[in-house]
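Structural description and commentary
For reference, the chains in residue letters:
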Amino acid sequence: MRLLNNHSIIERPGQDELLSIRNDLMTVYREIDGAGVHAVSSGGAEHGGAEEGSAELFPLRYARATPRRFPRRRVPGSSRTVLDHAQAPLLVIPDGPGMASVLPYDVLRRSLASRGVDVLMMEHRGVGLSRLDSTGADLPMASMQVRSVLGDLLAVMDHARVQKATVYGVGYGAYLAQGLAALHPDRVHSLVLDSPLTGVDDEKAGQRALRAMYWDGEDPATATTAAVLRRLVEDGVVDGHRAGTIVLAVHEYGGPDAVRDLADLLAIDRGQLTWNSIRQVLAQSWLESTPYVRELDLVAPIAHTELGSGHDADGDPMDTLALFGEQSRAVPRFSGEPLDMHDLSTRITAPTLVITGGRNLIYPPSTARSLAQRIPGASLLELPGTGHSVLDSHSQVAQVAARWSVAGAAHLLPERADELAALPATPVNQVLQRGLQLAMTAERLSPWRLRFESARARREEAHADPMARRSRRVRLD
């Protein structure tokens, strides 16, 4: 089943132009069905051909940033240092399965390479530069399978002549990283699992965690906010079915304080512009993708049919999975996970660092804690005040974790959690946080709003007694 024609998001001429001006992009030709573990035919940055009569192939792309200088290490028993050429390359697997790797993480790769790290990033099949087959048509959705993607990762390592790598995975990327480390332990030097996905139940755990905070009020710090949100839903000010995804987005970028401020604004008949703006962004058709950045359509079978994204959407108030549930209708229903990651994680032997944000409500800290307990010898780094995907929200922290893991010292990082959490957010996250604050401030202080509210208050006071006016002011305060 194809949801878009092959020219609606990405065209071959655009890919060719990018490949012609980039010298950091490599190509591995893979079987479209992904059954093989190794590349059938491979080429460098230029387009390579397939042998006549071979299986149908597609060009799988990956980027590599190699350091101009290598780090130095101290010679044991001496004050002398030497260049360290022996450290393992770093394979970064971003979240997904619909996220691109090549263009969005250019700066990250260059930054790590400038610090002596050899970095590889594979474009997920069905996304960006790995979206089209050798004829320029979209890959078939039937070829989107988790096991095929694991084969893609091995093919990239083989083509790059990397026997062992430190693997840094985020969310879905961490799911793949676990599978790679468990099924191919000889290929993984060490492991960093950032905001990890561990199975189909993780989304439901996030759904429960958000409801506990912002609907049931189980957390004393958010009990008042939960009461306000319940009243807003009961009064029909906001749609309870849609509220979960909006509250989750506000929480992710602004934390509990931002959710409280927005709820308070809505309670005094303000904040609708901010609320509706977020709702409209989230409610955009899921087929409206950003080429080379976020493309969700072809990889839908991985997200929904194999990994069960949206499977637990229930339509109750504060349902954080409502949008994913709607997206899942375009593909066959969840059929069961292809891998038992809870069992496989117990077989991981590589030194592992599990990272979780203290306010992550997508895959909550309890998920990361359970995973760290299952992996023998794993270390857990909990970062207070951060949300999902440290790689995307706090790049400096991610780079420290990656470099220390490459050097075999990641187990020391949990002792420095507060110091790491104090590092600044990425510029994009800072802009989003500031934009949310400014939007709410504008609605709170807008002169037009103030004049409107003042006039309405005067009209009400003309028809109310003094006790009524006093009770209204108390409620507003």
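In the block above lies the structure referred to throughout.
A few points on the structure. Within each chain, residues carry numbers counting from 1 in the order of the written sequence. Under the rules for a predicted model, residues below a pLDDT of 70 receive no local features and side-chain atom pairs below 80 are neither given nor counted, while totals for whole chains, interfaces and linings still include all residues. No hydrogens and no water enter the side-chain calculation; it runs on all heavy atoms of the structure.

Moving on: the overall build of the protein. Numbered from the N terminus, helices here are DSSP runs of H or I no shorter than four residues, and strands are runs of E no shorter than two. Along the backbone of the protein there are 18 helices and 11 strands. Here the protein holds 477 residues, and 53% of them are scored as buried. In the protein, the proportion of contacts linking residues at least 24 apart, taken out of those at least 6 apart, comes to 76%. With an accessible surface of roughly 21500 Å², the protein has 52% of that area assigned to carbon and sulfur atoms. Relative accessible area decides the class of each residue, using a 1.4 Å probe on protein chains only: under 20% of the type maximum gives buried, over 50% gives exposed, and in between gives partly exposed. It only takes one pair of heavy atoms within 4.5 Å for two residues to be counted as in contact. Surface exposure here means Shrake-Rupley accessible area, sampled with a 1.4 Å probe, where a residue is shielded only by the protein chains that are shown.

Next up on the list: the environment of Pro 364. Tracing the backbone shows Pro 364 in the loop between strand E10 (352-357) and helix H12 (365-374). The class of Pro 364 is buried, set by a relative accessible area of 4%. Taking C-alpha positions, Pro 364 is 9.6 Å from Arg 208, a pair spaced 156 residues apart along the chain.

On to the packing of helix H6 (residues 223-234) against helix H7 (residues 240-267). The convention used is that axes are lines fitted to C-alpha atoms, helices contributing only their stretch in contact, and that angles between N-to-C directions extend from 0 to 180 degrees. Between H6 and H7, the least distance of the axes is 11 Å, while the angle of their chain directions is 125°. In terms of their interaxial angle, H6 and H7 are classed as oblique. At the point where H6 passes H7, the crossing takes the right-handed sense. Each of Thr 225, Val 228, Leu 229, Arg 231, Leu 232 and Val 233 in H6 lies in contact with H7, whose residues at this interface are Gly 240, Val 247, Val 259, Arg 260, Ala 263, Asp 264, Leu 266 and Ala 267. Of the residues contributing to the contact of H6 with H7, the split by class is nine nonpolar, two polar and three charged. Any angle that is under 35 degrees is reported as roughly parallel, and any over 145 degrees as roughly antiparallel; angles of 65 to 115 degrees are reported as roughly perpendicular and all others as oblique. For any helix crossing, the convention is left-handed if the near helix is rotated counterclockwise from the far helix by under a right angle, and right-handed if that rotation is clockwise. The classification used treats Ala, Val, Leu, Ile, Met, Phe, Trp, Tyr, Cys and Pro as nonpolar, Asp, Glu, Lys and Arg as charged, and all other residues, Gly among them, as polar.

When you line up the elements, Thr 222 lands in the loop between helix H5 (201-214) and H6. According to the relative accessible area criterion, Thr 222 is buried, its value standing at 3%. Discounting residues that sit within four places of it in the chain, Thr 222 has contacts with Met 213, Tyr 214 and Pro 256.

Another point: the packing of H5 against H7. For any two helices packed against each other, one specifies the crossing angle of their axes together with the interaxial distance. Interhelical geometry of H5 versus H7 gives an angle of 60° and a closest axis separation of 11 Å. For the element pair H5 / H7, the angle class is oblique. Helix-helix and strand crossings are classified by hand; for H5 and H7 the assignment is left-handed. Each of Leu 210, Met 213 and Tyr 214 in H5 lies in contact with H7, whose residues at this interface are Gly 244, Val 247, Leu 248, His 251, Gly 255, Pro 256 and Val 259. Of the residues in the contact of H5 with H7, the class split is seven nonpolar, three polar and no charged.

This part covers a nonpolar patch on the surface. Only residues above 30% relative accessible area that lack a salt bridge enter a patch, with like-charged residues linked at up to 9 Å and the nonpolar side chains Val, Leu, Ile, Met, Phe, Trp and Tyr linked at up to 5 Å. The rule for a salt bridge is simple: a side-chain nitrogen of Lys or Arg has to be within 4 Å of a carboxyl oxygen of Asp or Glu. Together, Tyr 253, Val 428 and Leu 432 line one region of the surface with nonpolar side chains, adding up to about 260 Å² of accessible area. You can see Leu 432 is positioned in helix H16 (residues 427-445).

The next point concerns unusual backbone geometry. Look at the link from Gly 96 to Pro 97: it is a cis peptide, with omega at 10°. With respect to the helices, strands and loops of the structure, Pro 97 is situated in the loop between strand E6 (90-93) and helix H2 (106-114). Residues other than glycine seldom take positive phi values, yet Ser 195 does so here, at roughly 50°. As for its placement among the helices and strands, Ser 195 is situated in the loop between strand E9 (188-194) and H5. One non-glycine residue, Met 318, lies in the positive phi region at around 60°.

Okay, H5 next. The end-to-end C-alpha distance of H5, which contains 14 residues, comes to 20 Å, matching closely the 20 Å that a straight helix rising 1.5 Å per residue would cover. Across the 14 residues that make up H5, a large majority, 10, are buried. Of the residues making up H5, those classed as buried are Asp 202, Glu 203, Ala 205, Gly 206, Gln 207, Leu 210, Arg 211, Ala 212, Met 213 and Tyr 214. By this rule the span expected of a helix is its residue count minus one, scaled by 1.5 Å.

Take the buried residues of types Ala, Val, Leu, Ile, Met, Phe, Trp, Tyr and Cys, join any two whose side-chain atoms come within 4.5 Å, and each joined set is a nonpolar core. With 56 residues, the main nonpolar core has Leu 91, Val 167, Leu 176, Leu 180, Leu 191 and Leu 193 as its most contacted residues. Those residues in contact with Val 167 that lie beyond four places of it in its chain are Leu 91, Ile 93, Ala 177, Leu 180, Val 188, Ser 190, Leu 191 and Val 192.

Here strand E7 (residues 119-122) shows two buried faces, one formed by Val 119 and Met 121 and the other by Leu 120 and Met 122. As paired strands, E6 and E7 are joined by three bridges and run parallel to one another. From the neighbouring strand, Val 92 faces E7, where its bridge partner is Met 121. A pair of strands is treated as paired once DSSP finds two or more bridges between them.

Let's shift gears to the pairing of strand E8 (residues 165-170). With six of six residues buried, E8 lies mostly within the body of the structure. Burial of the side chains of E8 extends over both faces: Ala 165, Val 167 and Gly 169 are buried on one face and Thr 166, Tyr 168 and Val 170 on the other. The pairing of E6 with E8 spans four bridges and is parallel. Within E8, the position partnered with Ile 93 by the bridge is Gly 169. Direction of pairing for E8 relative to E9: parallel, over a ladder of six bridges. Within the sheet, the bridge partner assigned to Ala 165 lies in E9 and is Val 188.

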